[in-house]
Amino acid sequence: MKLGCCYYPEHWPEEIWADDAQRMAEMGLELVRIGEFSWSRIEPEPGQYDWDWLDRAIDTLSQAGLKVILGTPTATPPKWLVDQMPDMIAIDASGNARKFGSRRHYCFSHRPYRDECARIVTAMAERFGKHPAISAWQTDNEYGCHETTISYSHAAAAAFRVWLAQKYDDDVQRLNAAWGNVFWSMEYRSFDEIDPPNLTVTEANPSHVLDYRRFASDEVVSFNRLQAEILRAHSPGRDITHNFMGFVTDFDHHDVGADCDVATWDSYPLGFLEQFWFTDDEKNRYARQGHPDIAAFHHDLYRGCSNGRWAVMEQQPGPVNWARYNPAPLPGMVRLWTLEAMAHGAEFCSFFRWRQAPIAQEQMHAGLLRPDSVEDQGGQEARQAADDIAAIGPLTDTTKSVALLFSYEAAWLFEAQPQGQNFRYIELVFETYSALRQLGLNVDILSPDARFEDHQMIIAPSLPILTDDLVSRLSDTNVPILIGPRSGSKTADFQIPPELAPGPLQSKLPIKVTRVESLRPGLAEESHGEGKIRWFEHIATSLTPERMLKDNTPMVFQSRNIRYLAAWPDAEYMKEIFHKMAMEAKLDLTTLPQDIRIRTADNVRYAFNYGQESVDLTTIFSGADNFKFIVGSSN
Ligand code: GAL
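Below: a short report on this structure.

## Quick word on the packing of helix α13 (residues 333-343) against helix α14 (residues 377-392)
Where α13 meets α14, the closest approach of the two axes is 8 Å, and the angle between their N-to-C directions is 35°. As α13 packs across α14, the resulting crossing turns out to be right-handed. Here M333, V334, R335, T338, L339 and M342 of α13 lie close against α14, whose contacting residues are G378, E381, Q384, A385, D388, I389 and I392.

Below, the structure is given as structure tokens:
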């Protein structure tokens, strides 16, 4: 794994570029990402390009032996462009314009803006595409960041109508039937009458919402593809990537990843812990380390997004500026996160950013250097990680243990009709993943369309739309499989299937879901004597349940190698189920202490301590005395 950093030459006097480049190389960095927000400097006036400074910046970095990842600047269109076409900005769900003055102020559906993107990307690719220092391209920056995937602009409405007419073969009656528009007299007479599903009096029709989510995702995919095609044509042999985010499901990353050579993501373990659904106990316990599964979850997710090739484009180097609270990582954590990326197979890990900026929005965000150019804690740990990587040497990883099936469309279905407060798909998947990792298992998070047939155990936390094809692929395997709640509960049009849930799975597992309940916190304790159960399904079947709640309510049903879990229980309960399945699959199981996680490659096993106490690994698994060194928060 190589190390790198994100650098903004346009933020610093040219006199210090060469020294910066030297220091990067001396720290052990080999890659540097630049350019992704530089449009106003490369085209200060419409049609007038100024490439000279960028030529010199690339040459300076290259002379220090660094390879450059060049970002296309389309996340930050300049003011003159927004003024030329004011309707290019996105409109939020409340109908407000998302104005110029920060970044990502564009709507994916605005066709003239896409033309401008194609123009600037072509100009950049023609200029630098064959430069020997350019090793890769990053398209745009963090699609969806600041909730920018979905826009309700006129451009989006017009593109949505075209998308719908195509999907429903120009037959609006087909759309009316698919959406069930007879309900509340929502029928349309033509595609021109259809608006985006915002600003309705009460909730919009979920079928309408789901199609809008699919459409919005397709817009991101085609926006990215336009750039990828230009870059491929002008810059042969260079990898194309996009930097994805944490816990974002607004567009289908598998689809965008299919147009990339490498999937990359931006890893901010402390910021994500603070911003997402974690409990106060977890937030306090891991405030300076990050939850032990946050980084690994995304490593394993994005490895599945671009044929196994992935990397970290931005790694948190110290406190960030954007979470509710922004503590500093404990000493050792930046090094730990870096090696954990290596353990999961990253091609590179690049720190955000080289030097803390004294200007504008991110003044409070640490870099590897302080604003006065003195090396900060993050810089010292990057240096240490570079030595560690050299000492560990290359790893090979051909393991295929657990396949966890993850669907972006499933996330949209949950959001369109959650049926319970905080019923988030990503949280269900994360809890499932965490339960598996607490048993020491390697997990590959895969699209249901990907090949999972070589894995030893398959878990689908929930797939509301189950296709016949997927059911038959699953039942063709002999490995233990678990299908979670709400699976097969909807048709592709967002209707209840005539045979009820779990839909086509009933041909392999004779159960029928007759009623579902979402439970407020504490209710499961009272009614079933169990801890945290937030979703519960009543099942009609002739099968004897394989597992029951304490009050004998059936919860897991099994036929052959396929199990169905008729609830969303807590991680402890899931662990018991997975333990049994992993035994059946003859997987190497280790019940780990709360703060320890491991990752096992062919030739090396990594252990990571997210706690603040030392742990004697020889008491946990054999062979641990051969460990060369253990990385934790203080060593
Ligand atoms: C990322 C973004 C960077 C920077 C960083 C700060 O989301 O890609 O440009 O803003 O966050 O943590």
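## A look at the site of the ligand
Every residue lining the ligand is accounted for by F37, R103, N141, E142, D266, Y268, E314, W322, F352, E362 and H365. A distance of 2.4 Å separates an oxygen atom of the ligand from a polar side-chain atom of E362. Relative to its free-state accessible area of 310 Å², the ligand is covered by the protein chains to the extent of 96%. Counted by class, the shell around the ligand contains four nonpolar, two polar and five charged residues.

## Focus on the pairing of strand β14 (residues 535-541)
Examined bridge by bridge, strand β13 (residues 511-518) and β14 share seven bridges and lie antiparallel to one another. Bridging from a neighbouring strand, V516 pairs with E537 of β14. Where β14 meets strand β18 (residues 567-568), two bridges bridge the pair, whose relative direction is antiparallel. Across the sheet, the residue bridging to W535 is W568, located in β18.

## Examining the pattern of salt bridges
Applying the stated criterion across every chain, the model contains 50 salt bridges. R33 serves as the salt-bridge partner of E314, at 3.1 Å between the closest nitrogen and oxygen. Linking E314 in strand β7 (residues 310-315) with R33 in strand β2 (residues 31-34), this pair joins segments that are 281 residues apart in sequence. Both residues of the pair, E314 and R33, count as buried. Here R547 and E576 are joined by a salt bridge, their closest N and O atoms 3.1 Å apart. Of this pair, R547 sits in strand β15 (residues 547-548) while E576 sits in helix α19 (residues 571-584), placing them 29 residues apart in sequence. Taking relative accessible area as the criterion, R547 reaches 17% and is therefore assigned buried. Among the ionic contacts, a cluster of salt bridges with common partners joins D300, R303, D397, D444 and R599.

## Side note on a negative patch on the surface
On the surface, D218, D255, D449, D468, D469 and E499 cluster together into a negatively charged patch. Here D218 shows up in helix α8 (residues 206-234).

## What about the sheet that holds β13?
Reading across from one edge, β13-β14-β18 is the order of the three strands in this open sheet, with antiparallel pairing throughout. Two strands bound the open sheet, and with one partner strand each, they are β13 and β18.

## Regarding the pairing of strand β6 (residues 262-267)
Of all six residues that make up β6, six are buried, and the element is covered over most of its length. Every second residue of β6 is oriented toward a common face, with V262, T264 and D266 on one face and A263, W265 and S267 on the other, all of them buried. Where strand β5 (residues 239-244) and β6 come together, four bridges link them in parallel fashion. Counted as the bridge partner of T241 is V262 from β6. A crossover connection joins β5 to the parallel β6 through helix α9 (residues 253-258); in handedness this β-α-β unit is right-handed. With five bridges joining them, β6 and β7 adopt parallel strand pairing.

## Brief notes about unusual backbone geometry
Cis geometry is adopted by the peptide bond preceding R353, which originates at F352 and carries an omega value of 5°. Structurally, R353 is set in the loop between β8 (348-351) and α14. The peptide bond linking A501 to P502 adopts the cis configuration, its omega dihedral lying at 0°. Take P502: it is sitting in the loop between β12 (481-483) and β13. Although it is not a glycine, F247 sits at a positive phi angle of roughly 55°.

## A few points about helix α15 (residues 408-416)
Counted residue by residue, α15 has seven buried out of nine residues, so it is predominantly covered. In this structure, the buried residues of α15 make contact with α8, α9, α12 (294-303) and α16 (425-437). Where α15 begins, one side-chain oxygen reaches toward the backbone nitrogen of E409, 3.3 Å away; that side chain belongs to S407.

## Describing the packing of aromatic side chains
A complete count under the given rule lists 48 aromatic pairs for this structure. Look at Y152 and Y212: their rings are 5.5 Å apart centre to centre, the planes differ by 15°, and that puts the pair in the stacked class. With Y152 in the loop between β4 (134-138) and α6 (154-167) and Y212 in helix α8, this pair connects stretches of sequence that are 60 residues apart. Summarising the aromatic geometry, the rings of Y212 and F215 are spaced 5.4 Å apart at their centres and angled 40° between planes, so their arrangement reads as tilted. Taken together, the residues span about one helical turn, with Y212 and F215 both in helix α8 at a distance of three residues. The same class applies to Y212 and to F215, which are both buried. The residue whose ring lies beneath K79 is F100, and the NZ or CZ to ring-centre distance is 5.7 Å.

## Quick notes on the sheet that holds β6
Reading around the circumference, β1-β2-β3-β4-β5-β6-β7-β8 is the order of the eight strands in this closed barrel, with parallel pairing throughout. The average undirected angle you get between the axes of adjacent strands in this sheet is 25°. Pairing of β2 with strand β3 (residues 67-71), which is carried by four bridges, proceeds in the parallel orientation. Paired with I34 across the strands is L70, a residue of β3. Most of the contacts of α12 go to β6, to which it runs at about 165°, and overall it touches β5, β6 and β7.

What counts as what
Residues numbered from 1 in each chain as written. Predicted model: local features only at pLDDT ≥ 70, side-chain atom pairs only at ≥ 80, totals over all residues. Heavy atoms only, no water. Axes fitted to C-alpha atoms, helices over the stretch in contact; angles between N-to-C directions. Helix = DSSP H or I, 4+ residues; strand = E, 2+ residues; numbered from the N terminus. Left-handed = near helix turned anticlockwise from the far one by under 90°. Contact = heavy atoms within 4.5 Å. Near = heavy atom within 4 Å. Polar contact = N/O pair within 3.5 Å; in protein donor to acceptor, adjacent residues only side chain to side chain. Areas by Shrake-Rupley, 256 points an atom, 1.4 Å probe, with all protein chains shown as cover. Nonpolar A, V, L, I, M, F, W, Y, C, P; charged D, E, K, R; others polar. Pairing = 2+ DSSP bridges. Salt bridge = Lys/Arg side-chain N within 4 Å of Asp/Glu carboxyl O. Buried < 20%, exposed > 50% of the residue type's maximum accessible area, 1.4 Å probe, protein only. Patch = residues over 30% accessible without salt bridge, like charges linked within 9 Å, V, L, I, M, F, W, Y side chains within 5 Å. Lys, Arg positive; Asp, Glu negative; His and termini not counted. Charge placed at Lys NZ, Arg CZ, Asp CG, Glu CD. Right-handed = clockwise from strand over helix to strand, strands pointing away. Phe/Tyr/Trp six-rings, centres within 6.5 Å; stacked < 30°, edge-to-face > 60°. Lys NZ or Arg CZ within 6 Å of the ring centre and 35° of its normal.

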